[in-house]
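# A look at the structure
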Amino acid sequence: MFLTVTQETSCCPRSCWRLTATSGRPTATRRFTHDENPRTMIQTFQFDNITVAVARIEECERVQLSDSQQRDVDSLSIEKRRRERKACYWLINNFFSADTLIAHHSDGAPMLVDRNGNPLAEISFSLSHSLEYAAIAFSKSVQPLGVDIEQPSAKIRRVASKFLSERELADF
């Protein structure tokens with residue numbers, strides 16, 4: 001299952017998101033609208049048995065991470081990557097223990113591990129970041145899972161037919 005999260009700019013001053021689930025072909029699209037509320041800094045979406053959480057990266061600047069998470073963030077040499085990783089940990093910490101770390105499978109796909117490096121059993125996990133937003137998706141299953149967060153752009157419009165149905169393209 002692959003989830004694409006797209007912010008829709010036509011909804012201002014509200015925050016609108018389109019969540020498209022794809023499993024070989026587009027299977028479902030849902031739109032979510034959230035009020036711009038400073039207390040609601042994480043937008044959470046449920047899609048079947050999958051949870052998707054989205055946050056603005058800048059809202060994570062002052063977040064305190066566990067020592068092991070902070071060491072992981074600090075190990076990154078590029079400031080932009082450190083900010084993205086910190087935002088992903090902030091999202092993770094809202095659903096898992098603060099000792100949960102990001103690691104990678106041999107194919108490069110992200111996974112969650114405990115502080116001893118043991119994979120979290122039966123958790124499918126993915127993360128994404130794009131400009132000012134970070135997103136995570138997870139499911140308590142072993143099905144392959146992917147998430148991609150994108151802000152509207154000409155690039156997305158060029159490839160939208162790869163993940164949207166004809167009806168969804170008309171709305172897009």
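Conventions we followed
Residues numbered from 1 in each chain as written. Predicted model: local features only at pLDDT ≥ 70, side-chain atom pairs only at ≥ 80, totals over all residues. Heavy atoms only, no water. Pairing = 2+ DSSP bridges. Helix = DSSP H or I, 4+ residues; strand = E, 2+ residues; numbered from the N terminus. Buried < 20%, exposed > 50% of the residue type's maximum accessible area, 1.4 Å probe, protein only. Arc of directions from axis to C-beta. Contact = heavy atoms within 4.5 Å. Polar contact = N/O pair within 3.5 Å; in protein donor to acceptor, adjacent residues only side chain to side chain. Core = buried A, V, L, I, M, F, W, Y, C linked by side-chain atoms within 4.5 Å. Phe/Tyr/Trp six-rings, centres within 6.5 Å; stacked < 30°, edge-to-face > 60°. pLDDT = per-residue confidence, 0-100.

For strand β4 (residues 42-47) and strand β5 (residues 50-56), the ladder comprises six bridges, and the chain directions are antiparallel. Looking at the pairing, T44 lines up with A53 of β5. Connecting β4 to the next strand, β5, in antiparallel fashion are two residues, including D48 with a positive phi near 55 degrees.

What follows covers helix α1 (residues 67-74). Turning to α1, its buried residues are S68, Q69, D72 and V73. Seen end-on, α1 carries its buried residues on one side only, within an arc spanning 140 degrees. Facing away from the buried surface of α1 by more than 90 degrees, the exposed residues are D67 and R71. Buried positions along α1 lie against α2 (79-93) and β6 (101-104).

Right, let's get into the side chain of T100. Looking at the secondary structure, you find T100 in the loop between α2 and β6. For T100, a relative accessible area of 4% translates into the label buried. Engagement of the side chain of T100 in a polar contact is seen with the backbone oxygen of S97, the distance being 2.9 Å. In contact with T100, not counting residues within four places along its chain, are Q69, Y89, I92, L112, V113 and L120.

General note: in soluble globular proteins, nonpolar side chains tend to be found buried as a group. Of all hydrophobic cores here, the largest spans 25 residues; its most connected members are Y89, L91, I92 and I136. Elements that contribute at least two residues to this core include exactly β5, α2, β6, β7 (110-113) and β9 (133-139). A total of six residues in this core trace back to one element, the largest contributor, which is α2. Setting aside residues up to four positions removed in sequence, I136 forms contacts with T51, V52, A53, C88, L91, I92, F95, F125, S126, L127 and V147. In this structure, F45, V52, Y133 and L145 belong to the second largest nonpolar core, which totals ten residues.

How two aromatic rings sit relative to each other is given by the distance of their centres and the angle of their planes. Using the criterion set out here, one finds two aromatic pairs in the structure. The interplanar angle of 70 degrees and the centroid separation of 4.9 Å between the aromatic rings of F96 and F138 together place this pair among those described as edge-to-face. On the criterion of sequence distance, the pair formed by F96 in the loop between α2 and β6 and F138 in strand β9 is long-range, its members being 42 residues apart. Each member of the pair, F96 as well as F138, carries the same accessibility label: buried. Connected via pairs of aromatic rings, a cluster forms that spans F95, F96 and F138.

Take the confidence of the model for the chain next. Parts of the model with low pLDDT should not have their predicted coordinates read in detail. Counting all residues, the mean pLDDT for the chain is 76, and 65% of those residues have values of 70 or more. Mean pLDDT values over the elements of the chain span from 47, in strand β3 (residues 26-34), up to 95, in α1. Low confidence marks residues 24-29, where pLDDT is under 50. Its contacts with residues over four positions away, or in another chain, come to 17 contacts. Scored below 50 in pLDDT, residues 31-39 shows 23 contacts in the model against residues more than four places distant or in partner chains.

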